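The chain contents come next:
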Amino acid sequence: MRVVVQRVGAARVDVAGETVGAIAAGLLVFAGFEESDGDGDLDWMAGKLARLRIFADAAGLMNRSVIDIGGEVLAVSQFTLFASTRKGNRPSWQRAAAPAVAQPLFDGFVARLESVLGRPVPTGVFAADMQVHLVNDGPVTLVIDSRQPE
C-alpha cells in the first residue's frame, strides 16, 4: 500500500460537478493498493497516518497529529501511485491492484481510519473521474509505503 499524504487547510473532491467529500484542516490522503496488500498493510497505514506528527505545536514545530488538532481526513483511491515508467513514456499499471481487489482494500482502509480517528472519513468515488481541490498547508507532502516503513 502506498499513500501520498498532504497537510491541508481544506480539501474537497468533486465528481460530475458535485462535491462528494470535503474537509477543513487535516490530511488529504491519496491511497493506492497492490494485489498482495492485506489487513496488516491497512492497519499499519491507518495507525501511521493518525499519529503522524506534521502539524505545528505552540512553538511552531511539527509535533502534533491530526488527532491532536481535531483535524479531518479525506481519502481518495488512486491506482496511479503504482505506475511504472521504466519502459518508454507510457506508464504501466501492472503493480496496481485490479478494481475487484482494490475497492475492498480501500473500503477496509477507510473503515480502519474511521476507527482510529473516531470520526467519519469522507472519500472520493472509487474509479470515478474526480476533481480534487485543496489548499496545501506548508506545503507538506509525504509519500509513505507500507512495504518500506522508514
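Residues numbered from 1 in each chain as written. Predicted model: local features only at pLDDT ≥ 70, side-chain atom pairs only at ≥ 80, totals over all residues. Heavy atoms only, no water.

Before going further, it helps to spend a moment on the pattern of salt bridges. All chains considered together, the criterion is met by eight salt bridges. One salt bridge in this structure joins R147 and D37, with 3.0 Å as the shortest N-O distance. Linking R147 in the segment after β7 (130-145) with D37 in the loop between β3 (26-32) and α1 (39-51), this pair joins segments that are 110 residues apart in sequence. Take D37: its relative accessible area is 8%, and that puts it in the buried class. Note that D41 and R147 form a salt bridge whose closest N and O atoms lie 3.1 Å from each other. Of this pair, D41 sits in helix α1 while R147 sits in the segment after β7, and the two are 106 residues apart along the sequence. Taking the relative accessible area as the measure of exposure, D41 reaches 11% and is therefore buried. Given the relative accessible area of 40%, R147 is considered partly exposed. Look at the salt bridges and you will find they share partners, linking D37, D41 and R147 into a network. (Salt bridge = Lys/Arg side-chain N within 4 Å of Asp/Glu carboxyl O. Helix = DSSP H or I, 4+ residues; strand = E, 2+ residues; numbered from the N terminus. Buried < 20%, exposed > 50% of the residue type's maximum accessible area, 1.4 Å probe, protein only.)

Topologically, D14 is positioned in strand β1 (residues 2-15). The class of D14 is buried, set by a relative accessible area of 8%. Separated by 3.2 Å, the side chains of D14 and R12 make a polar contact. One polar contact links D14 to T19, side chain to side chain, over a distance of 2.8 Å. Excluding residues that lie within four positions of it along the chain, D14 makes contacts with T19, D129, M130, Q131 and H133. (Polar contact = N/O pair within 3.5 Å; in protein donor to acceptor, adjacent residues only side chain to side chain. Contact = heavy atoms within 4.5 Å.)

When we look at a pair of aromatic rings, we describe it by the centre distance and by the angle of the planes. For the structure on display, the rule yields three aromatic pairs. Aromatic pair F79 and W93: ring centres 5.2 Å apart, planes at 75°, arrangement edge-to-face. On the criterion of sequence distance, the pair formed by F79 in the loop between β6 (72-77) and α2 (99-117) and W93 in the loop between β6 and α2 is long-range, its members being 14 residues apart. Feature note: the residues F33, F106 and F109 constitute an aromatic cluster, connected by ring pairs. (Phe/Tyr/Trp six-rings, centres within 6.5 Å; stacked < 30°, edge-to-face > 60°.)

Turning our eyes to something else, we now look at the pairing of β6. When you tally the buried positions in β6, you get five out of six residues, the bulk of the element. Pairing analysis gives six bridges linking β3 to β6, with the strands arranged parallel. Bridge pairing in β6 links L28 to L74. (Pairing = 2+ DSSP bridges.)

Here we come to the environment of V4. Along the chain, V4 falls in strand β1. The spatial distance from the C-alpha of V4 to the C-alpha of V143 is 4.5 Å, given a sequence separation of 139 residues. Once residues within four sequence positions are removed from consideration, V4 is found in contact with L28, V29, F30, L81, T141, L142 and V143.

A separate point is the pairing of strand β2 (residues 18-23). Two strands pair when backbone bridges link them, and β1 and β2 are joined in this way by five bridges, in the antiparallel orientation. Bridge pairing in β2 places D14 opposite T19. The hairpin formed by β1 and β2 contains two residues between the paired strands, and A16 there has a positive phi angle of roughly 55°.

What follows concerns α2. In this model α2 runs 26 Å from its N-terminal to its C-terminal C-alpha over 19 residues, within 8% of the 27 Å that 1.5 Å per residue would give. Taken residue by residue, α2 has A102, L105, F106, G108, F109, V110, L113 and L117 as its buried positions. Check the buried side of α2 and you find it contacts β3, α1 and β6. Looking one or two places after α2, you find G118, whose phi comes out positive at around 75°. (Expected span 1.5 Å × (residues − 1).)

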